[in-house]
Amino acid sequence: GRPVIFAGNGVWPPDESICAHPGSRADRVFLFLGRLDIHIKGLDTLIEACDRCQNVLRHHRVTIRLVGPDVHGSTQSLATEIRKRSLGGVVELLEPVSPEKRSEFLARADLLVQPSRTEGHPTAVIEALAHGLPVLISPETNVLAEVLAARAGWGVTVNPCELARELLRLSLVPGEILAQAGRAARHYAVTHLSWERVAAKTLEKYRQIIRVARRAA
């Protein structure tokens, strides 16, 4: 068949002065940032996981913050679940924000959580890494192998029991563990995910195809 090029997303890494400082505060914020698509993004799993461990999250002042636009009434559905499970004060549901505000939310968080059931090349994860924010993501985000190799975060399946265990563990780890992962996330993003680097890799793939085509001619 014909050769295929996969060109991933990139990011303009923000200035260090507006990056995250994970693990530096007494309380912690675990952030989901993106479309509130309950099934695709695994938000039903996240809500159930929070329900399973909400007492510990409350005790250790951990907030799960969901920020993003509505998808087919998902905001109301999530609000209903949060109320039904008495998760007020643990799970915050906020409206979508501008690109500038996205950066502020990333900078104020300690962890990005994205237990997606399916993804392409998720922008929120890439943005989080560039902001020096470690991530807790499912294999279905398609970037878990790179994140683990870079020591920039952790993996979790789309299973509420496992996700609850990981939320608990990362609520209790010393702040320096989150800080180390955040520094690794920033280094990986700057080194591999900047638009300059992504463009260079894509151009090299085109050159390889051209060389192959010329040899076959």
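Residues numbered from 1 in each chain as written. Predicted model: local features only at pLDDT ≥ 70, side-chain atom pairs only at ≥ 80, totals over all residues. Heavy atoms only, no water.

S.K.: I keep staring at unusual backbone geometry and nothing clicks. Help me out?
M.R.: Most peptide bonds take the trans form, and the phi angle of most residues other than glycine is negative. The backbone phi angle of Ser86 is positive, close to 55 degrees, even though this residue is not glycine. Mapped onto the fold, Ser86 is located in the loop between helix 3 (74–84) and strand 3 (91–94). Even without being glycine, Asn142 reaches a positive phi, approximately 70 degrees. With respect to the helices, strands and loops of the structure, Asn142 is situated in the loop between strand 5 (135–137) and helix 6 (144–150). Classification of Asn142 as partly exposed rests on a relative accessible area of 44%. (Helix = DSSP H or I, 4+ residues; strand = E, 2+ residues; numbered from the N terminus. Buried < 20%, exposed > 50% of the residue type's maximum accessible area, 1.4 Å probe, protein only.)

S.K.: Explain the packing of helix 1 (residues 43–52) against helix 7 (residues 160–172) to me, please; I cannot follow it from the model alone.
M.R.: A packed helix pair is summarised by two numbers, namely the angle formed by the two axes and the spacing between the axes. Look at helix 1 against helix 7: their axes get within 8 Å of each other, and the N-to-C directions meet at 60 degrees. What the angle tells us is that helix 1 and helix 7 run oblique. The hand of the helix 1/helix 7 crossing is right-handed. Where helix 1 abuts helix 7, its residues Thr45, Leu46, Glu48, Ala49, Cys50 and Arg52 lie against Pro160, Cys161, Leu163, Ala164 and Leu167. (Axes fitted to C-alpha atoms, helices over the stretch in contact; angles between N-to-C directions. Parallel < 35°, antiparallel > 145°, perpendicular 65-115°, else oblique. Left-handed = near helix turned anticlockwise from the far one by under 90°. Contact = heavy atoms within 4.5 Å.)

S.K.: Which parts of the structure should I look at to understand the pattern of salt bridges?
M.R.: Oppositely charged side chains may form a pair once their charged atoms are brought near each other. In the structure shown here, the tally under the stated rule is 15 salt bridges. Residue Arg52 is joined to Glu48 by a salt bridge in which the shortest nitrogen-to-oxygen separation is 3.0 Å. With Arg52 and Glu48 both in helix 1, this residue pair falls four residues apart, about one helical turn. Under the relative-accessibility criterion, Glu48 is labelled partly exposed at 26%. (Salt bridge = Lys/Arg side-chain N within 4 Å of Asp/Glu carboxyl O.)

S.K.: Teacher, can you tell me more about the pairing of strand 3 here?
M.R.: Look at any regular strand and the pattern is simple: side chains alternate between the two faces of the sheet. Here four bridges tie strand 2 (residues 62–67) to strand 3, and the two strands are oriented parallel to one another. Pairing of Arg65 across the sheet is with Glu92, part of strand 3. This β-α-β element, strand 2 to helix 3 to strand 3, shows right-handed connectivity. (Pairing = 2+ DSSP bridges. Right-handed = clockwise from strand over helix to strand, strands pointing away.)

S.K.: Whenever I open this one, the side chain of Asp110 confuses me. Can you help?
M.R.: Looking at the secondary structure, you find Asp110 in the loop between helix 4 (99–107) and strand 4 (111–114). A relative accessible area of 0% means that Asp110 is categorised as buried. Engagement of the side chain of Asp110 in a polar contact is seen with the backbone nitrogen of Gly23, the distance being 2.7 Å. Dropping the residues within four chain positions of it, Asp110 is found in contact with His21, Pro22, Gly23, Ser24, Arg25, Asp27, Arg28, Val29, Phe30, Leu133, Pro134 and Leu178. (Polar contact = N/O pair within 3.5 Å; in protein donor to acceptor, adjacent residues only side chain to side chain.)

Interpretation in functional terms is not warranted from these geometric data alone.
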